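# Per-entry structural report
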Amino acid sequence: MLAMNYRGPRRVRVDHKPYPEILHPNDAIVRVTRSCICGSDLHLYHGMVPDTRVGTTFGHEFIGVVEETGPSVRSLKKGDHVIVPFNIACGTCAFCKQELYGNCHESNPEATAVGGIFGYSHTAGGYDGGQAEYVRVPYADVGPTVIPAEMDPDDAVMLTDVVPTGYQAAEMGGIKTGDTVVVFGAGPVGIMAARCAWLFGAGRVIVIDHLEYRLEFARQYAPCEAYNFRSLEDPVLFLKKETGWLGADVCIDAVGADAAGSALHTITGKKLMLQAGAATALHWAINSVKKGGILSIVGVYGPTGNLVPIGNVVNKGITIRANQASVKRLLPRLIRHVQEGYIDPKGLITHRMPLEEVADAYRIFSSKLDNCIKTVLIPPSARS
């Protein structure tokens with residue numbers, strides 16, 4: 001089969017790899033119909049995630065058709081078209097029982113924090129991902145959800161990660177009616193978080209980024225206020241001034257380790273790897289939120305430490321909420337939101353490319369070319 005093959009930082013290509021096999025009675029084999037490149041994949045692509053091994057296939061956002069099931073699978077059958085959450089969750093451990101599917105205790109033997117994730121290095125379990133023609137899906141009775149017959153596949157694939165992560169970012173913010181919400185990052189998740197903030201009653205939504213085409217997209221899609229931090233002398237001072245010198249009620253870090261905006265963090269976190277990525281957006285969020293406010297973090301950072309102003313967190317009485325999105329918990333609600341027209345997932349997609357062009361797709365997305373917001377990869381069998 002054709003599959004994306006990681007060859008080292010900024011080097012990916014499409015190769016022929018063996019078809020996946022049923023390795024456990026609860027496995028399923030899924031023929032991919034859509035997969036996406038996520039901003040989190042760029043952390044892998046840029047060599048920022050530990051234990052990302054040559055030969056790995058990325059891709060934690062995919063949908064597909066069930067081709068084969070293990071003997072213990074009861075909820076799926078051959079031919080079902082399914083949404084596959086990016087979380088790999090057993091459904092029975094102490095954390096899955098709390099619906100913390102991103103923290104499954106069984107799917108990732110390499111960590112005590114994050115659970116298994118498709119295509120996201122051996123720190124997330126070492127599972128191959130969905131930027132391929134076929135994928136082995138463990139715990140097939142737990143995660144995969146049959147796509148409603150009337151749903152557009154382009155909407156469905158966005159429900160594997162982007163929509164749930166953006167929605168949970170807003171949910172964790174505890175947004176109350178009339179709140180001012182600031183979202184750092186105008187990538188797909190940040191834009192979705194800004195859009196979802198309105199669903200929770202926000203009175204004002206502000207997005208901060210440094211790419212004008214993404215800011216304009218956010219203004220149209222979210223809709224929201226959007227500002228380029230490179231045009232601001234001090235983003236924190238600007239946001240304080242905009243909020244009557246109190247600070248925002250809720251700040252959302254939707255950037256993570258690849259943030260721009262600080263030479264210190266870029267050098268120590270992205271060049272020298274002395275901290276787990278550039279925590280610039282996290283600094284700004286901590287310093288921009290009001291006393292007693294809430295900071296919601298969905299941006300991805302590595303498993304080692306970051307330089308964070310924890311004293312400001314304590315002295316301001318900030319509540320921090322952070323996690324990987326629990327996709328399975330949110331899917332029923334988000335499917336209804338899509339069906340009822342509250343969310344337009346496919347509206348974020350700007351590029352649809354053949355799987356065979358995965359190297360170009362990564363280059364375009366990583367280099368922010370051609371006004372790229374979100375790329376969907378389509379395997380050969382889904383194009384016929």
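This report concerns the structure included in the present document. The numbers attached to residues start from 1 for each chain and follow its sequence in the written order. Predicted model: local features are reported for residues with pLDDT of at least 70 only, side-chain atom pairs are reported and counted for 80 or more only, and whole-chain, interface and lining totals are derived from all residues. The side-chain numbers reported here are obtained from all heavy atoms of the structure, hydrogens and water having been left aside.

## What to know about the overall build of the protein chain
From N to C terminus, the protein chain includes eleven helices and 17 strands. Once the C-alpha set of the protein chain is aligned to its principal axes, its extents read approximately 60 × 45 × 40 Å. For the protein chain, the residues scored as buried account for 58% of the 384 residues in total. Considering only intrachain contacts with a sequence separation of at least 6, the fraction spanning at least 24 residues in the protein chain is 71%. If the 37 positive side-chain charges of the protein chain are averaged to one point and the 38 negative ones to another, these points end up 4 Å apart. Think of it this way: any DSSP run of H or I at least four residues long counts as a helix, any run of E at least two long counts as a strand, and we number them from the N terminus. Relative accessibility decides the category of a residue: with a 1.4 Å probe and only protein chains considered, values under 20% of the type maximum give buried, values over 50% give exposed, and everything between is partly exposed. Contacts are assigned to residue pairs with any non-hydrogen atoms lying within 4.5 Å of each other. Working convention for charge: Lys and Arg count positive, Asp and Glu count negative, and His plus the chain ends are omitted. In this description, the location of a charge corresponds to atom NZ of lysine, CZ of arginine, CG of aspartate or CD of glutamate.

## What about the nonpolar core?
The term nonpolar core refers to a set of buried residues drawn from Ala, Val, Leu, Ile, Met, Phe, Trp, Tyr and Cys, joined through side-chain atoms within 4.5 Å. Leu159, Leu348 and Tyr362 are the most contacted members of the largest nonpolar core, which has 79 residues in total. Considering every element that reaches this core, the biggest residue donor is helix H4 (residues 188–199), with seven residues. Beyond its immediate sequence surroundings of up to four residues, Leu159 is in contact with Ile83, Met151, Pro164, Val327, Leu331, Leu334, Ile335 and Val338. Of all hydrophobic cores here, the second largest spans 23 residues; its members include Ala279, Ala281, Leu295 and Ile318.

## Notes on the pairing of strand S1 (residues 2–8)
Buried residues dominate S1, accounting for six of its seven residues. Hairpin connection, S1 to strand S2 (residues 11–16): the antiparallel pair is bridged by two residues, and Arg10 has positive phi, about 60 degrees. We call two strands paired when DSSP finds no fewer than two bridges between them.

## Examining unusual backbone geometry
Here the amide bond leading from Ala222 into Pro223 is cis, since omega sits at -25 degrees, within 30 degrees of zero. Non-glycine residue Ser121 carries a positive phi angle of around 70 degrees. Mapping Ser121 onto the fold places it in the loop between strand S7 (116–117) and strand S8 (134–137). Given the relative accessible area of 2%, Ser121 is considered buried. Positive phi is not limited to glycine here, since Asp370 has a value of about 55 degrees. Here Asp370 shows up in the loop between helix H11 (358–366) and strand S17 (375–378).

## Concerning the pattern of salt bridges
Only one rule defines a salt bridge in this text: a Lys or Arg side-chain nitrogen within 4 Å of an Asp or Glu carboxyl oxygen. Taken as a whole and assessed by the stated rule, the structure comprises 20 salt bridges. A salt bridge links Arg31 to Glu67, with the nearest nitrogen and oxygen atoms 3.3 Å apart. Of this pair, Arg31 sits in strand S3 (residues 28–37) while Glu67 sits in strand S4 (residues 62–69); the two residues are 36 residues apart in sequence, bridging distant segments of the chain. Note on Glu67: relative accessible area 26%, which makes it partly exposed.

## Some details on the side chain of Asp179
Relative to the helices and strands, Asp179 resides in the loop between helix H3 (162–172) and strand S10 (180–184). Among buried Asp, Glu, Lys and Arg side chains, Asp179 stands out as unpaired, with Lys176 the closest opposite charge at 4.1 Å. Definition of a polar contact: a pair of N or O atoms within 3.5 Å, with one able to donate and the other able to accept a hydrogen when the atoms are protein atoms, and with sequence-neighbouring residues admitted only if both atoms are side-chain atoms. Among the polar contacts made by the side chain of Asp179, one reaches the main-chain amide nitrogen of Lys176 at a distance of 2.8 Å.

## A look at the pairing of S4
Pairing analysis gives seven bridges linking S3 to S4, with the strands arranged antiparallel. Residue pairing across strands places Arg34 opposite Ile63, the latter belonging to S4. Pairing between S4 and strand S5 (residues 81–84): four bridges, direction antiparallel. Looking at S5, one finds that Gly64 is bridged to Val82.

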